[in-house]
Amino acid sequence: MKDKELRAAREATLAPPDKAAAKLAAQHKLYVRDRLALLFDDGTFVEDGQLANALAAGLPADGVVTGQGLVDGRPALVVANDPTVKAGSWGARTVEKIIRITERALVEELPIFWLIDSAGGRITDQVALFPGRRGAGKIFHNQVALSGKVPQICCLFGPSAAGGAYIPAFCDIVIMVEGNASMYLGSPRMAEMVVGEKVTLEEMGGARMHATLSGCGDNLAVDDEDAIEQARLFFSYLPTCWREPVPEAEAEPPILDLSDDCVPADESVPFDVHEVIDGLVDADSFFEIKPLFAPEVVVGFGRLDGRPIGIVANNSAVKGGVLFVDSADKSARFIWLCDAFNVPLLYLADVPGFMIGSEVERQGIIRHGAKMVSAVSEATVAQISVIVRKAYGAGLYAMAGPGFMPDACIALPTARIAIMGPQAAVNAVYANKIAEIADADEQAEFIATKRVEYEQDVDLLRLASDLVLDAVIEPSELRAELIKRYAVLIGKTRHFATKRHGVPPT
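In this report, we go over the structure that sits alongside the text. Every chain begins its residue count from 1, and numbering advances along the sequence as written. Totals for whole chains, interfaces and linings use all residues, but because this is a predicted model, local features are given only for residues with pLDDT of at least 70 and pairs of side-chain atoms are given and counted only at 80 or more. Calculated side-chain values reflect all of the structure's heavy atoms, with hydrogen atoms and water omitted.

## What about the side chain of Asn-142?
Our working rule: Going along the chain from the N terminus, every DSSP run of H or I of four or more residues is numbered as a helix, and every run of E of two or more is numbered as a strand. Two residues qualify as a contact provided that any one of their heavy atoms is within 4.5 Å of a heavy atom in the partner residue.
With respect to the helices and strands, Asn-142 occurs in helix H6 (residues 136-146). Non-local contacts of Asn-142, meaning those with residues more than four positions away in its chain, are made with Ile-99, Thr-102, Glu-103 and Leu-106.

As structure tokens, this is what we get:
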């Protein structure tokens, strides 16, 4: 009898009931074990706690699968909600299983994948799962301890509700399946009850909202398979923990060669910086992060001669490449991610500076800009700054200008470095004089003369002569130059300051 009960308990964890399977199919979702089969190399997954809460009816594995396997031959841990078990909600054993796997990640320094599809904690079990020293709060505590120690990668297939929404927030990337994934502290029904707001689930916490407006989601996926494929690809650029070097791949040539006129000389002419990135990195190796959020700055991983690098690039095709509150936050977090996991950084600067005006001042543009500058300052990985075109004002600082100790500051022939652009500078310095000139032609001539004087003052050759710049390189030669420079920076000494930690602007 006992053997029969044991077999039945185990089998209940391996496949969903027919009704639950039909619901998954209607939602275009995969069963939790099918998700795991896509994540891990064939035959490598080992499960822990499969019979958790087996004596309770209808709670196989207590709604979560945990264990370890290999991802492209490298070890990784997993927490995977089973939405067919009480909507993937948490009970006391659920929480204990998650705590144990995060404790293992801390001790063994193993990366952890979070496959989230959960309605949150079970109110009926709140005393057992919520307030204690091994309650749900311990999960978040451990995630913070894991941050920067091992990669934490989240695929959000369904809801991540209430306190459970903090699991994705503590991860290094959140990939959300559009149409199914959602993330919120309070449901639309609760919002209507508590604050009187009527809002749809998609408006409150849908995947596209988070990927475009809040920034809580990083990348969108079309389905479960796409999300897991993106998660594996993201992991391929990172080491298994902070102590390890980045994984290298076979080198490939770029999909296009940069021509020497690929960057418009006229700084007022916008262009898509993705074209420059494609001409620098190995073919099809650029993995962009947060492509829909603050797209005036582009961040993501690529490979240069097989070695991973992180790229931060201003995109003049969107809002002129000006830095806003969101683009500063996006850049800062990506820089911290790269620095934590030994990924060298490449900055491609074409920035008129930070946005000005009452709206952004009220949003705290100064402190958000300071956050980005802090991240650049603290980074100790190899950093190379390329002045693609303009780098004005604090925009130069935010893009690892010379004063921020990059390992090299290189300029393209189209580069300009100054406190501000020539037109703005002439107007700022000579506003009164210009206003006194009544004749329009005379006024235009005066402005043109002063503009030439200003441009001569910040001439590129002068900056190179004064050692502000380490080199001036043609676009067609830039990839080869970067490959050589990063190669000699492997194993560089990494130290910033002796202290517990900084107090960065929030």
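## Structural notes on the pairing of strand S6 (residues 173-177)
Within a regular strand, the side chains alternate between the two sheet faces. Definition in use: Burial classification: accessible surface area is computed with a 1.4 Å probe over protein chains only, and a residue below 20% of its type maximum counts as buried, one above 50% as exposed, and the rest as partly exposed. Two strands pair if DSSP finds at least two bridges between them.
Taken across its 5 residues, S6 has 5 buried, putting it largely inside the fold. Side-chain alternation along S6 places Ile-173, Ile-175 and Val-177 on one buried face and Val-174 and Met-176 on a second face that is also buried. When strand S5 (residues 152-161) meets S6, the two strands line up parallel, connected through 4 bridges. Among the inter-strand pairings, Ile-153 is bridged to a residue of S6, identified as Ile-173. Pairing between S6 and strand S8 (residues 219-221): 3 bridges, direction parallel. Of the residues in S8, the one forming a bridge with Ile-175 is Asn-219.

## Structural notes on the packing of aromatic side chains
The criterion, for reference: Only the six-membered ring of Trp is used, alongside the rings of Phe and Tyr, when aromatic pairs are assigned; centres must lie within 6.5 Å, and planes under 30 degrees apart are stacked while those over 60 apart are edge-to-face, with the rest tilted.
The tally for this structure, following the rule as stated, stands at 12 aromatic pairs. Measuring from centroid to centroid gives 5.4 Å for Phe-40 and Phe-45, while their planes differ by 20°, and the two rings are stacked. When its relative accessible area of 3% is taken as the criterion, Phe-40 is described as buried. For Phe-45, a relative accessible area of 25% gives the class partly exposed. For the pair Phe-301 and Phe-334, a centre-to-centre distance of 5.4 Å together with 50° between the ring planes defines the contact as tilted. In this pair, Phe-301 sits in strand S10 (residues 297-304) while Phe-334 sits in helix H13 (residues 325-340), placing the two residues 33 residues apart along the sequence.

## Remarks on a negative patch on the surface
The test is simple: Within this analysis, patches are made of residues with over 30% relative accessible area and no salt bridge. Like charges are joined at 9 Å or less; nonpolar side chains (Val, Leu, Ile, Met, Phe, Trp, Tyr) at 5 Å or less. Areas reported here follow the Shrake-Rupley algorithm with a probe of radius 1.4 Å; residue values treat only the protein chains shown as occluding. Salt bridge criterion: a side-chain nitrogen from Lys or Arg within 4 Å of a carboxyl oxygen from Asp or Glu. The positive count covers Lys and Arg only, the negative count covers Asp and Glu only, and His and the chain ends enter neither. Positions of charges follow a simple convention, taking NZ of Lys, CZ of Arg, CG of Asp or CD of Glu.
Among the surface-exposed residues, Asp-260, Asp-261, Glu-474 and Glu-477 lie close enough to one another that they form a single negatively charged patch. Structurally, the position occupied by Asp-261 is in the loop between helix H11 (224-235) and helix H12 (274-280). For Asp-261, a relative accessible area of 64% puts it in the exposed group.

## Details of the state of the cysteines
Convention followed: Here, the term disulfide refers to a pair of cysteine sulfur atoms separated by no more than 2.5 Å.
This structure, assessed with the given rule, holds 0 disulfides. Cysteine Cys-338 is unpaired, with the sulfur of Cys-241 as its nearest cysteine sulfur at 17 Å. On the accessibility criterion, Cys-338 (0% relative accessible area) is buried. Not engaged in a disulfide, the cysteine Cys-409 finds its nearest cysteine sulfur in Cys-262; these two sulfurs lie 18 Å apart.

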